[in-house]
Amino acid sequence: MNKDKIIVAITLGIICAILVFVLTVQLRTVKETDITSIENMREYELKEQIEIWKNKYEETQAKVNEDNRKINEYKTTIANNQEANELLTNELNQTNTLLGKTNVKGEGIIINLNSDSSNIIAEDLIKLVNELKLAGAEAISINNKRIINITDIVDVNSYILINGERTNAPYEIKVIGNSQYLMSGINAKGGFSDLVKNNGKSISIAQERTVEINKFDGDIKLKKMKID
Amino acid sequence: MIIVVSIIIGCIIGALIGFNTPIIPYTFSGYLAVAIIAALDSVFGALVGLEKKKFDMKIFVSGFFGNAILAIILTYLGERLNVDIYLAAIVVFVGRMFTNLSILRTNLIEKYSKKKANKSK
């Protein structure tokens, strides 16, 4: 009788242990698994998730395309602006060069003028500049002062004012232009060279491959002049 | 008496082991759940058997494991066929649990009222 009871008791105990064991394992598993994560889903749940993600993907894709299109638009606009910018900058540089506001270099001649028995006066320089321009000079500087269209050359007492700055003999005149034409222009019979030598001043002319002339330093102020 | 003690000891041991083992993958937990319900139904059936003095150990143990295994097999089959067979198993087991519980309840209450009637006599 007792033996039977013991067997029954033990069996019941074992079964109870198994039951409770399985129960706790199951409870813990359910508590700790994230039911909403994709790795743990059943098939129909996965189908739903796929639908949702597909829609999200398509929306995002459309948005990305839209943004890319806008970016390309902006890029072309910027490129156009840059082109316009470049054109303007080039034009500005050219205009400045023509005005004489940039450093320039090129082939040309260098003239050295000195006084022998009579002083060099402004009129000599003015004549020289005129002759050079006639001979096709593109840039002229006297003692490193750039001669532009509104440059004045005047006598003051013992020295000459160019661009409002004092200069003295000897004068180094740098010219950029076709050196052949320039040489023949100055050296022509009855031209500036003869004139100067006959009047007691000395002149020496040299052809140069590269003549560097600095820019006009001052400001060009417009007070009365307006664009028509 | 010893039976009650052994049951209690069994529960404690099961709980201890259960808290310390690692959790199982989520897909298996589906099968385990149905097996638990089948086992619980078998336990209730045993309780009713005890009440009617018709308790047979062998039937209880075989029912316990047999029901659990059958439930797991049916769930697996249902998953393969894409038919939720486990639902039917749950309905049946829980239904039987309710039936057994009501039998128990009826018997106990009858016993209790009989005792009261005898006492007052």
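Everything quoted here is computed from the prediction, not taken from an experiment.

Conventions and cut-offs
Residues numbered from 1 in each chain as written. Chains lettered and ligands numbered in written order. Predicted model: local features only at pLDDT ≥ 70, side-chain atom pairs only at ≥ 80, totals over all residues. Heavy atoms only, no water. Helix = DSSP H or I, 4+ residues; strand = E, 2+ residues; numbered from the N terminus. Buried < 20%, exposed > 50% of the residue type's maximum accessible area, 1.4 Å probe, protein only. Contact = heavy atoms within 4.5 Å. Polar contact = N/O pair within 3.5 Å; in protein donor to acceptor, adjacent residues only side chain to side chain. Nonpolar A, V, L, I, M, F, W, Y, C, P; charged D, E, K, R; others polar. pLDDT = per-residue confidence, 0-100. Pairing = 2+ DSSP bridges. Axes fitted to C-alpha atoms, helices over the stretch in contact; angles between N-to-C directions. 1 Å grid on protein atoms, 1.4 Å probe; cavity = no way out; pocket = protein on both sides within 12 Å on 5 of 7 lines; lining within 4 Å. Points joined across faces, edges and corners; volume = space filled by probe spheres on them. Core = buried A, V, L, I, M, F, W, Y, C linked by side-chain atoms within 4.5 Å.

Trainee: Mind showing me how you'd approach the overall build of chain A here?
Mentor: In terms of regular secondary structure, chain A is built from five helices and eight strands. Going residue by residue from the N terminus, the α and β elements of chain A occur as α-α-β-α-β-β-β-β-β-β-α-α-β. Taken across its 228 residues, chain A has 30% of its residues classed as buried. Counting contacts in chain A only where the partners sit at least 6 residues apart, residues at least 24 apart contribute 74% of the total.

Trainee: What is the right way to look at the interface of chain A and chain B in this model?
Mentor: Contacts between the two partners involve 25 residues from chain A, matched on the other side by 31 residues from chain B. Counting across the interface, chain A meets chain B through four residue pairs in polar contact (both at pLDDT 80 or more). Among the residues forming the side of chain A that touches chain B, the class breakdown is 15 nonpolar, seven polar and three charged.

Trainee: Even after reading the chapter, I still don't get the confidence of the model for chain A, so can you show me in this structure?
Mentor: Detailed reading of the predicted coordinates is not advisable wherever pLDDT is low. Per-residue confidence for chain A gives a mean pLDDT of 87; residues scoring 70 or more make up 96%. Ranking the helices and strands of chain A by mean pLDDT puts strand β2 (residues 139-142) of chain A first, with 92, and helix α5 (residues 192-198) of chain A last, with 83.

Trainee: How should the sheet that holds strand β4 (residues 153-156) of chain A be read in this particular structure?
Mentor: What holds strands together in a sheet is hydrogen bonding between their backbones, with the strands either parallel or antiparallel. Residue and element names in this part refer to chain A. Strand order in this open sheet of three strands is β4-β5-β6, and the pairing throughout is antiparallel. The open sheet terminates on both sides in strands that have one partner only, identified here as β4 and β6 (165-167). Across this sheet, the average inter-strand angle for adjacent strands is 35°, counted without regard to direction. Pairing of β4 with strand β5 (residues 159-162), which is carried by four bridges, proceeds in the antiparallel orientation. Paired with Asp155 across the bridge in β5 is Ile160.

Trainee: Looking at this model, I keep getting lost on the sheet that holds strand β7 (residues 171-176) of chain A. Mind explaining?
Mentor: Residues and elements named next belong to chain A. Within the open sheet, the five strands sit side by side as β3-β2-β7-β1-β8. Their pairing is antiparallel. If you trace the sheet from one side to the other, it starts and ends with β3 (145-147) and β8 (201-213), each paired once. Strand after strand, the sheet turns through a mean of 25° between neighbouring axes, direction not considered. As defined by bridge partners, strand β1 (residues 104-115) adjoins β8 across eleven bridges and the pair is classed as antiparallel. Bridging from a neighbouring strand, Ile110 pairs with Ala206 of β8. With respect to the sheet, helix α3 (residues 122-134) is in contact with β1, β2, β3, β7 and β8, its orientation differing from that of β2 by roughly 160°.

Trainee: Would you mind showing me how to read the layout of surface pockets here?
Mentor: A water-sized probe rolled over the atoms picks out the places where empty space is left. All names here are of chain A. Here the second largest pocket defines a volume of roughly 330 Å³. In terms of lining, the second largest pocket is formed by 16 residues, of which the most central are Leu98, Glu138, Ala139, Arg146 and Ile147. Going through the elements one at a time, α2 (43-99), β1, β2 and β3 are the ones with two or more residues in the lining of the second largest pocket. Of the residues in the lining of the second largest pocket, the class split is nine nonpolar, three polar and four charged.

Trainee: Teacher, can you tell me more about the nonpolar core here?
Mentor: Nonpolar side chains tend to gather and get buried jointly when the protein is soluble and globular. If you look at the biggest cluster of nonpolar residues, it comprises 26 residues, and the most contacted ones within it are Leu113(A), Leu125(A), Leu132(A), Ile142(A) and Ile173(A). Looking at this core, the element that brings in the most residues is α3(A), giving five residues. The contact partners of Leu132(A), leaving out residues within four places of it in the chain, are Ile109(A), Ile111(A), Ala137(A), Ile140(A), Ile173(A), Val175(A), Leu182(A) and Ile186(A). Membership of the second largest hydrophobic core comes to eight residues, among which are Leu12(A), Ile15(A), Ala39(B) and Phe60(B).

Trainee: Got a minute to help me understand the side chain of Ser141(A) in this structure?
Mentor: With respect to the secondary-structure elements, Ser141(A) resides in strand β2. If sequence neighbours within four positions are ignored, Ser141(A) has contacts with Arg146(A), Ile147(A), Glu172(A), Ile173(A), Lys174(A) and Ile213(A).

Trainee: In this structure, what is going on with unusual backbone geometry? I would like to understand it.
Mentor: Comment: phi is negative for the bulk of residues other than glycine, and the bulk of peptide bonds are trans. A positive phi angle, near 50°, is found at Asn143(A), a position not held by glycine. Residue placement: Asn143(A) occurs in the loop between β2 and β3. One non-glycine residue with positive phi stands out, namely Asn82(B), at about 60°. Tracing the backbone shows Asn82(B) in the loop between α3 (57-81) and α4 (85-120). Accessibility expressed as a relative area gives 62% for Asn82(B), which makes it exposed.

Trainee: Explain the pairing of β2(A) here, please?
Mentor: Working note: regular strand, side chains alternate between the two faces of the sheet. Residue and element names in this part refer to chain A. Every second residue of β2 is oriented toward a common face, with Ala139 and Ser141 on one face and Ile140 and Ile142 on the other, all of them buried. Bridging between β2 and β3 involves three bridges; their strand directions are antiparallel. Within the sheet, the bridge partner assigned to Ile140 lies in β3 and is Ile147. If you look at the hairpin formed by β2 and β3, you'll find two residues sitting between the two strands, and Asn143 has a positive phi there, around 50°.

Trainee: When you look at the confidence of the model for chain B in this model, what are you seeing that I'm missing?
Mentor: Residue and element names in this part refer to chain B. In the predicted model, chain B carries a mean pLDDT of 88, and the fraction of residues at 70 or more is 100%. Mean pLDDT in chain B bottoms out at helix α1 (residues 2-20), which sits at 86, and peaks at α4, which reaches 91. Both scores are available for the predicted complex, with the pTM at 0.48 and the ipTM at 0.80.

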